[in-house]
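Overview (structure and organization)
Residues per chain, in single letters:
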Amino acid sequence: MHPRTHALPMLLAALALGTVVPATAGETRIPEAAIETAAGLRDRALAENPGYAIIEELTTVIGPRMPGTEADARAVEWAKQKFEALGFDRVTTVPVTFDVWLRGEERAEILGTVPQPLKITALGGSVATPAEGIEAEVVEFPNLQALADAPDGSLEGKIAYISNRMQRFRDGRGYGPAVAARSTGAVEAARKGAIGLLIRSISTAEHRFPHTGQMRYEDGVARIPAAALANPDADQLSRLIALGEPVSVRLMLETMTPGEYTSHNVIGDLIGREAPEEMVVIGAHLDSWDLGTGALDDGAGIGITFAAGHLIGQLPERPRRTVRVIAFAAEEIGLLGARAYAQHEATRVREHVIAAESDFGAGRIYALRSNAKDEAWGAIEQIGDVLRPLGIETERGVGGPGPDIIPLATRGVTWAQLAQDGTLYFDYHHTADDTLDKIDAGDIDQQVAAYAVFAWLAAEAEGDFGSAPPGSD
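What this report covers is the structure whose coordinates are included nearby. (Residues numbered from 1 in each chain as written. Predicted model: local features only at pLDDT ≥ 70, side-chain atom pairs only at ≥ 80, totals over all residues. Heavy atoms only, no water.)

Regarding the side chain of T129
Note that T129 resides in the loop between β3 (120-122) and β4 (134-141). Since its relative accessible area comes to 9%, T129 is described here as buried. In this view, T129 contacts I134, P225, L251, M252 and L253; residues no more than four positions away in its chain are not counted. (Helix = DSSP H or I, 4+ residues; strand = E, 2+ residues; numbered from the N terminus. Buried < 20%, exposed > 50% of the residue type's maximum accessible area, 1.4 Å probe, protein only. Contact = heavy atoms within 4.5 Å.)

Rendered as structure tokens:
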């Protein structure tokens, strides 16, 4: 019998089990016994896991968790206690220090012959208006580039208004092109002489909940107050401007910067039985904006990753490598917890084998992606085989790391992405409508199963997924 013919039955049997024939030298593979365990872990996660209950508890007894607030401190203590209650072997923290920004009263109204209120919210980091507010004519721009192209000085004493609308996609790719208006719109408006900025909410919703989010200033450019309009109110303002008569708005924002604060990343470890110094990282961010209860962003991710770790911890033996679950601090105001963690672990970056974050709401996972090296792609496909019954396909050459994984990824840590369906995510993201009722418990079960399978199998893999580049530590 020809050697290839003789090998064919072995290959078919291995594929049926979700494994492959023995690896060639240098390739990363996952043992068959670990795959069988992962299949059982997957099925148990669908039958019973505490993911939804964790989200419910966090959003109910803590609520919104704005960085630097009393609720932030309570959330950190809650996370430490939850890790311990879920059976993690070791719970540690990493301090994260930052300047606090808080929201106060906020109002806006159209003046003149058609007076009416507007639903607005201050953008994170915005300066306040004078106590009496500001009143000025509004000048509309269809996008940030149009504002940047306006003549210097053309907005003296006026309020700039950027009306670009975010497009809806399952993978959320409409967010990047739209969000620049929020991030840098105030800088561009101030350069043209404006005394304030309004933007259409970076949101796909049609409800009257404005969308907040972090903005930034630049040294040497005047700092002007900035706020987002709910989408229906943005439509109304645009219709009035289109009538051809000047439209003026009164804007009042009360914001506060009470000083410096130290929060903490909270870390739960399941210590590896053979290679405890090597770790597979999964995580989410613990903080949220103040408008809703942070259920989708990112209470869901906390529940998913905490529960996935808990399920792995209930297995008869610990994984070969350490599985580390991180509740990152202060993500919403600039990935500050993630940056602090990466700096804290700078000398151990090579020990982070692969990392993934759940921070895209509560929609079901539909794809597994990674930038794993070629020699490890077979192991990624093995993980994908176990995930396929959950409706998850393996996709190569696409995707990217979760926000809090970026500081690790820039140091060379391999990332994985368990891509969630974000079709509805930006209807609620950063709004007062981000509440527990938007989450389906069955969807959470599917995602807990996926993260548990991924973390267990990555920890059991023989070989690495790609190493940090020289000099990264």
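Digging into the nonpolar core
Grouped together as the largest cluster of nonpolar side chains are 104 residues, with contacts concentrated most on F306, F454, L457 and F465. Counting residues per element, this core draws most heavily on helix α13 (residues 441-460), which supplies 13 residues. When neighbours within four sequence positions are excluded, L457 is seen to be in contact with I30, A34, I35, A38, I383 and V386. If you look at the next biggest cluster of nonpolar residues, it comprises 30 residues, including V96, F98, A108 and A329. (Core = buried A, V, L, I, M, F, W, Y, C linked by side-chain atoms within 4.5 Å.)

Here's the deal with helix α9 (residues 336-344)
Among the residues making up α9, those that are buried are G337, A338, A340, Y341 and A342. In this fold, the buried residues of α9 make contact with β1 (90-110), β8 (248-270), β9 (275-285), β10 (321-328), β11 (352-357) and α11 (406-409).

Topic: unusual backbone geometry
The peptide bond linking D297 to D298 adopts the cis configuration, its omega dihedral lying at 5 degrees. Residue position: D298 is located in helix α8 (residues 295-313). One non-glycine residue, A330, lies in the positive phi region at around 50 degrees. Among the structural elements, A330 can be located in the loop between β10 and α9. Here H430, not a glycine, exhibits a phi torsion of approximately 65 degrees, which is positive. Under the relative-accessibility criterion, H430 is labelled buried at 6%.

Topic: the pattern of salt bridges
Scanning the model with the defined rule gives 38 salt bridges in all. With a shortest N-O distance of 2.8 Å, E57 and K82 are connected by a salt bridge. A residue pair is termed long-range when its members are at least 10 positions apart, and E57 in helix α3 (residues 51-62) and K82 in helix α4 (residues 70-85) qualify at 25 residues. E57 sits in the partly exposed class, given a relative accessible area of 29%. Among the ionic pairs, E218 bridges to R191, the shortest N-O distance being 2.7 Å. In this pair, E218 sits in the loop between β6 (196-200) and β7 (226-229) while R191 sits in helix α6 (residues 175-191), placing the two residues 27 residues apart along the sequence. By relative accessible area, E218 is classed as partly exposed at 27%. Looking at R191, the relative accessible area reads 39%, which means it is partly exposed. Each of the salt bridges in this network shares a partner with another, and the network as a whole consists of R90, D269, R324, E345, R348 and E351. (Salt bridge = Lys/Arg side-chain N within 4 Å of Asp/Glu carboxyl O.)

Quick notes on the pairing of β8
Here β1 runs beside β8; their pairing, made up of 18 bridges, is antiparallel. Within the sheet, the bridge partner assigned to P95 lies in β8 and is H264. With 4 bridges joining them, β4 and β8 adopt antiparallel strand pairing. By the bridge assignment for β8, I134 is matched with L251. Pairing analysis gives 5 bridges linking β8 to β10, with the strands arranged antiparallel. Bridged to D269 within β10 is R324. (Pairing = 2+ DSSP bridges.)

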